[in-house]
Amino acid sequence: MLREHHVILKNPQKVDIRFASCYPNLYPTAISSLGFHIIYHFLNTREDVWCERVVYPYERSLESSTPLKDFDIVGFSLQYEQDYFHLLEMLEKGGIAYRKGERGKNDPLVIAGGPCATSNPLPLTPFVDLFIVGEGEVILDELLDTYLELDHPRVEIDAFREIKGVYVPDNPVKKALVADMDQACHPIYQVVPESPDKKFSPALGSSFLLGVSRGCTRGCRFCMAGYLYRPRRETSLKKLFKLAEKGYAATGLDKISLIGAAVSDYSQIDQLCTGLLDRGFKVSTPSLRIESITRTTLEALRESGLKTITLAPESIWDIRKSLNKPVTDEETFKVMETALNLGFNVKMYFMLGSPLETKMDVESLAQLMKDFLKLSPRKNALRFSINPLIPKPHTPLQWEGYDLGRIKSHVNYLKSLLKGYPLKVESPRKGLIQYVLSTGGLEVGDLIEKYYKDKLLFREWIPYSQGRNLDQELPWKNIDVGLRSDFLKEEYVKMREGKITAWCEEASCYQCSTSPSLCDHI
């Protein structure tokens, strides 16, 4: 039994477009996605549109139980590559042929957005009509206006080509971003679920989602979001306090979840946390950057009742440096000691499989993790999560392959060195599938369909994991995310040489962008 507050209901006879906003992952994740709330609120501010939500594994809308086939536009938010299979399932169960070539001119227009769609839409082009490249608020109005001008949008798909931020395969497209975060969409009447069933409990708990910032320019060479959504843009402190107060008045939620690519990098993070506490709010955040955490921030989180913080040292110093995450061991130990002394549990994320990683590095990592555990004042206060490094498009690692044998060897070696330790390890085989989905071309669409139909052997993924040379044409060549053409190659060479590129917000600008008007640091 699920009851939701602030659901938007409209008369379907009095709107011109019925839009299904689909989240191809489970409800707890969907309802804790600020982006999902933004699309819902933004589209429903238009009188001519009724946006309803459809969440995996369901194929009918939460608002009116309407099947997907009866909508005009079906849009998917793609946060994780593994959700591509869910997209096919939702379309098929919703009465829509999942291959676009098998759909008729009167079938719904199927679109997709989110970081996966922005980075490399090629694997999904056999199934999706067009893609949103960038942030939806600055793209969707023009897309919908164009839709209304057409008799048969699916047949007249080329009419969408001229819209900035809309990718119609296989035409060049430029990313579109919100320039001023104070003018961005900040939904106040966020949908609040109420249910005794835990499968409907928000992943971030019952909290108001506050959009602190977007983008990150730290330059970690493995981080796709850090390159896709540059530059970093902040919501003003005054605006955030006003949003929090309006959110409380609308929803009654006194817990605030701070949302952003690098929340602790917010230029006034301590003032924000203490100001929210002074106003009677509790404060939480999904993750924190080690190099920008302060004791004041941690104390505010503790006072709010947060019990666990998440940190990501990634690896040992030499590997961190090559990946341009120059967080020292000393910084990490200091933050951990402070957090543990304040009574927090700490979850730490690490990666295996960096291009320069050796077996000796794995030994050093195991020793570092043992040293971290020596700080733990109580059992289970510190836990480790190990994930394979997945090279991503639009990052300096985009030319690297995925060496399953080497990664499995390193994972098994680390596990042998840490027997009995609190260690959670992600499957290297799953990592390989994610790599192919992330970096593949049109041919991967056939693999996606075969996997969905349970007709694909694991070994069929392996030929697509070999990587590319620096001069090879990349599948996502037509996706312009605003980086100058040779910047990523320069960063790739620096990675191989173990050189650091300083954070542009504390050093000189290295002119990574082809859109300098968005960046305050030039």
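See the structure above.
Quantities reported herein were computed from a predicted structural model and do not represent experimental measurements. (Residues numbered from 1 in each chain as written. Predicted model: local features only at pLDDT ≥ 70, side-chain atom pairs only at ≥ 80, totals over all residues. Heavy atoms only, no water.)

## Let's talk about the overall build of the protein chain
- Broken down by element type, the protein chain carries 16 helices and 19 strands.
- Taken over the C-alpha trace, the protein chain has a radius of gyration of 23 Å; the compact-globule value for 522 residues is 24 Å, and the two agree within 12%.
- Taken along its principal axes, the extent of the C-alpha atoms in the protein chain is 65 × 55 × 45 Å.
- Counting only residues that meet the buried cut, the protein chain has 57% of its 522 residues in that class.
- Residue pairs at least 24 apart in sequence account for 76% of intrachain contacts in the protein chain once pairs closer than 6 positions are excluded.
- Of the roughly 22,000 Å² of accessible surface on the protein chain, a fraction of 47% belongs to carbon and sulfur atoms. (Helix = DSSP H or I, 4+ residues; strand = E, 2+ residues; numbered from the N terminus. Rg over C-alpha atoms; globule rule 2.2 N^0.38 Å. Buried < 20%, exposed > 50% of the residue type's maximum accessible area, 1.4 Å probe, protein only. Contact = heavy atoms within 4.5 Å. Areas by Shrake-Rupley, 256 points an atom, 1.4 Å probe, with all protein chains shown as cover.)

## Some points on the packing of aromatic side chains
- Within this structure, the stated rule accounts for 14 aromatic pairs.
- On the numbers, 5.7 Å between centres and 90° between planes, the contact of Tyr 98 with Tyr 452 is edge-to-face. One end of the pair, Tyr 98, is in the loop between helix H3 (84-93) and strand E5 (109-113); the other, Tyr 452, is in helix H15 (residues 444-452), and 354 residues separate them in sequence.
- Aromatic side chains Tyr 227 and Phe 487 sit 6.4 Å apart centroid to centroid with 50° between the ring planes, which places their arrangement in the tilted category. Taken together, the positions of Tyr 227 in helix H6 (residues 224-228) and Phe 487 in helix H16 (residues 487-496) put the pair 260 residues apart, joining distant regions of the chain. Across this residue pair, the class does not change: Tyr 227 and Phe 487 are buried.
- Put simply, the rings of Phe 333, Phe 350, Phe 372 and Phe 384 touch in pairs and so form one group of aromatic residues. (Phe/Tyr/Trp six-rings, centres within 6.5 Å; stacked < 30°, edge-to-face > 60°.)

## Some words on the sheet that holds E5
- What the six strands build is an open sheet, ordered E3-E2-E4-E5-E6-E7; its pairing is mixed. Every other strand in the sheet has two partners, leaving strand E3 (49-55) and strand E7 (166-167) as the edge strands with one partner each.
- Sheet topology note: the strand E2 (residues 17-23)/strand E4 (residues 73-77) ladder contains four bridges and is parallel. Bridged to Cys 22 within E4 is Phe 76.
- Those strands touched by helix H2 (residues 34-44) are E2 and E3, and its axis lies near 155° from that of E3.
- Strands in contact with H3 are E2, E3, E4 and E5; relative to E4, the strand with the most contacts, it is inclined by about 155°. (Pairing = 2+ DSSP bridges. Axes fitted to C-alpha atoms, helices over the stretch in contact; angles between N-to-C directions.)

## Structural notes on the pairing of E4
- E4 sits mainly inside the fold: five of its five residues count as buried.
- Burial along E4 is two-sided: Ile 73, Gly 75 and Ser 77 facing one way and Val 74 and Phe 76 facing the other are all buried.
- This β-α-β element, E4 to H3 to E5, shows right-handed connectivity. (Right-handed = clockwise from strand over helix to strand, strands pointing away.)

## A closer look at helix H13 (residues 404-417)
- The end-to-end C-alpha distance of H13, which contains 14 residues, comes to 20 Å, matching closely the 20 Å that a straight helix rising 1.5 Å per residue would cover.
- Against the buried residues of H13 lie strand E16 (345-352), helix H12 (359-373), strand E17 (382-388), strand E18 (423-425) and helix H14 (428-439). (Expected span 1.5 Å × (residues − 1).)

## Regarding the side chain of Thr 251
- For Thr 251, the location among the structural elements is in helix H7 (residues 237-251).
- Reaching out from Thr 251, the side chain makes a polar contact with the backbone oxygen of Gly 247 at a distance of 2.7 Å.
- With near-sequence residues (within four places) excluded, Thr 251 lies in contact with His 6, Ile 188, Gln 190, Val 192 and Phe 208. (Polar contact = N/O pair within 3.5 Å; in protein donor to acceptor, adjacent residues only side chain to side chain.)

## What to know about the packing of H3 against H15
- One way to put it is that H3 packs onto H15 with a least axis distance of 9 Å and a crossing angle of 65°. Classified by the angle between their axes, H3 and H15 sit roughly perpendicular to one another. The chirality of how H3 crosses H15 is right-handed. Touching Tyr 84, Phe 85, Leu 88, Glu 89 and Glu 92 of H3 are Ile 448, Glu 449, Tyr 451 and Tyr 452, all from H15.
- Within the contact of H3 with H15, the residues separate by chemical class into six nonpolar, no polar and three charged. (Parallel < 35°, antiparallel > 145°, perpendicular 65-115°, else oblique. Left-handed = near helix turned anticlockwise from the far one by under 90°. Nonpolar A, V, L, I, M, F, W, Y, C, P; charged D, E, K, R; others polar.)

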